[in-house]
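Here's the letter readout for the chains.
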Amino acid sequence: MSGCVISDKPGNHNFELLKKLVLPDGSILRAQLPGRPTLDRLFVDPARDGTRFCDHHRHLHLLPFYPLNQCNKIHFHIFFVCSLLKIWNTNKFSGVVGVFNCQGAGWCKVTKTTRIHDAYPSTLTTSVQASDVDTIAQIAGQNWKGDTVVYAHRSRELVRLPEGASLPVTLQVLEYELFHFCPVKVVAEEISFAPIGLLDMFNSTGAVEQFEVEKTNGGSEPLTGKRLPVVTIKLEVRGCGRFGFYSSQKPIICTVDKIETEFNYEAATGLGTLTISVTDEKIYRCSVEIQV
C-alpha cells in the first residue's frame, strides 16, 4: 500500500479532498497499473489541439489554406476538434476512466514554463465506454456478456450499459469526472450483480478485494410465502463509509461482519447502498454479505 504525494503548502490542505484519497488508517485505494491514455487519445494533444482560429461556437477550430493560383476562389479548410484527456486504469473487479478538460494551457519547450494558449477554453463533450479500459474483458472473466454498470464519481449516477454502448460526458475547463466500469455478472436466473465500492472515494472500486457468489436453494417459505434468497454475494472490503453495489433485484438482507445492517435500494437504477462503520479494532477491513 503505497502513499501519494501532496503538493499543498503547509496549512493550506483541502482535507475534504484528502479524505477521498486516504483511508482512516493512512493507506490509499491504489489502482493496479500506471494511468494510461485511452486508445482514442494516443495521438492528440488534449491541452493544445484546439487553440487557434476558434470560431464563435468555440467547438471547432478553422485553418484556411489558399491555393497558389490566386484566380482559383476555392478555399480548402481543415477542422481541428478540441480533445478531452481520457486516462484508464484497473482494479481487481473493475476498470476506471478519468476524463479531464485540460484545454487552454500547456508546457512550453522554449520558455520552460506553462504557457496559456487560450484564456477562454470551451466546454467540450466526448464519450466513454467499457472498451476504453483495455483489459476489461480479462477483469470480467469467462461467460461475461459484455454488460457493465458505470458509476460516475462527481454526478453520483449509476447507469447500466449494454455491450458496445457509450456514455456522453460534457466538461467545462478544469472540470473532471471519474467513471467506474463494473462488469455485470449473472449470478442466478434473472439476477445480475456488480460490486461498486466506497462511493465517496476517488477510486471507489479499489475498495473491493474479494468477490464470490454462493448459490442457495431459494424458493419461498411454505407458510408465509416470503421469498428466500437465491444467492449470497460475499465481498471483502477495505475502508469505511458508504458502500455501493448494483443488483437487478432488491436484496433480502445485507450484513457487515455477520451483523445485519440497513440498506437503501433504488429500483430504477439498481443501486444499493449501505454504511460500513469504523470498527473499534481499527482494522478497516470487513466482510459484506448480500443475499438476493
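The following paragraphs examine the structure supplied in this document.

1. Description of the sheet that holds strand β16 (residues 231–238)
(1) Moving on: Ordered in space as β15-β16-β22-β18-β19, the five strands form an open sheet in which the pairing is antiparallel. At either margin of the open sheet sits one strand with a lone partner, and together these are β15 (208–215) and β19 (259–261). Geometrically, the sheet is characterised by an average inter-axis angle of 25° between neighbouring strands, direction not taken into account.
(2) Moving on: As judged from the seven bridges shared by β16 and strand β22 (residues 285–291), these two strands associate in the antiparallel manner. For T232, the partnering residue across the bridge sits in β22 and is Q291.

2. A short note on the nonpolar core
(1) Moving on: Ranked by size, the top nonpolar core spans 27 residues in total, and within it L235, F243, V288 and I290 carry the most contacts.
(2) Moving on: Looking at this core, the elements with two or more residues in it are β13 (185–188), β14 (191–198), β15, β16, β17 (241–247), β18 (253–256), β21 (271–276) and β22.
(3) Moving on: Top contributing element to this core by residue count: β16, with four residues.
(4) Moving on: With residues near it in sequence (within four places) discarded, V288 still touches I233, K234, L235, V237, T255, V256, L274 and I276.
(5) Moving on: Residues L84, I136, L167 and V169 belong to the second largest nonpolar core, which totals 18 residues.

3. A short note on the pairing of strand β5 (residues 95–100)
(1) Moving on: Within β5, five of the six residues are buried, which leaves it mostly tucked inside the rest of the structure.
(2) Moving on: Taken together, the six bridges between strand β4 (residues 85–90) and β5 define a ladder with antiparallel strand orientation. When the bridges of β5 are listed, K86 appears paired with V99.
(3) Moving on: In this antiparallel pair of consecutive strands, β4 and β5, the connection spans four residues.
(4) Moving on: Direction of pairing for β5 relative to strand β12 (residues 176–183): antiparallel, over a ladder of six bridges. For V99, the partnering residue across the bridge sits in β12 and is E177.

4. Comments concerning the sheet that holds β12
(1) Moving on: Spatially, the six strands line up as an open sheet ordered β1-β4-β5-β12-β9-β10, and their pairing is antiparallel. Since the sheet does not close on itself, it has two edges, and those belong to β1 (36–37) and β10 (157–161), each with one partner.

5. Considering the environment of I196
(1) Moving on: Take I196: it is sitting in strand β14.
(2) Moving on: Between the C-alpha atom of I196 and that of V149, which follows or precedes it by 47 residues, the distance is 8.7 Å.
(3) Moving on: For I196, the residues in contact, after removing those within four places along its chain, are Y151, L158, C182, S204, T205, V208, G244, F245, Y246 and L271.

6. Overview of the packing of aromatic side chains
(1) Moving on: Counting across every chain of the model gives four aromatic pairs.
(2) Moving on: Ring plane angle 45° and centroid distance 5.9 Å describe the contact between F193 and F211, whose orientation is recorded as tilted. Here the residue F193 occupies a position in strand β14, and F211 occupies one in strand β15, the gap between them amounting to 18 residues. F211 carries the same exposure label as F193, and that label is buried.
(3) Moving on: An aromatic cluster of at least three residues, connected via ring pairs, comprises F93, F193, F211 and F245.
(4) Moving on: Above the face of the Y176 ring, R154 is positioned so that its terminal group lies 4.9 Å from the ring centre.
(5) Moving on: The aromatic ring of F211 is capped on one face by K185, whose charged end is 5.5 Å from the ring centroid.

7. Quick look at the pattern of salt bridges
(1) Moving on: One pass over the structure, following the stated rule, counts twelve salt bridges.
(2) Moving on: Close ionic contact of K19 with E16 constitutes a salt bridge, the shortest N to O distance being 3.5 Å.
(3) Moving on: The exposure class of K19 is exposed, given its relative accessible area of 53%.
(4) Moving on: A relative accessible area of 54% means that E16 is categorised as exposed.
(5) Moving on: Two residues, R285 and E209, come together in a salt bridge whose shortest N-O distance is 2.4 Å. Here R285, found in strand β22, pairs with E209, found in strand β15; they are 76 residues apart in sequence, far enough to count as distant.
(6) Moving on: Residue classification places E209 among the partly exposed residues on the basis of a relative accessible area of 25%.
(7) Moving on: Within this structure, D40, R41, K86 and D132 form a network of salt bridges that share partners.

How each quantity is defined
- Residues numbered from 1 in each chain as written.
- Predicted model: local features only at pLDDT ≥ 70, side-chain atom pairs only at ≥ 80, totals over all residues.
- Heavy atoms only, no water.
- Pairing = 2+ DSSP bridges.
- Helix = DSSP H or I, 4+ residues; strand = E, 2+ residues; numbered from the N terminus.
- Axes fitted to C-alpha atoms, helices over the stretch in contact; angles between N-to-C directions.
- Core = buried A, V, L, I, M, F, W, Y, C linked by side-chain atoms within 4.5 Å.
- Buried < 20%, exposed > 50% of the residue type's maximum accessible area, 1.4 Å probe, protein only.
- Contact = heavy atoms within 4.5 Å.
- Phe/Tyr/Trp six-rings, centres within 6.5 Å; stacked < 30°, edge-to-face > 60°.
- Lys NZ or Arg CZ within 6 Å of the ring centre and 35° of its normal.
- Salt bridge = Lys/Arg side-chain N within 4 Å of Asp/Glu carboxyl O.

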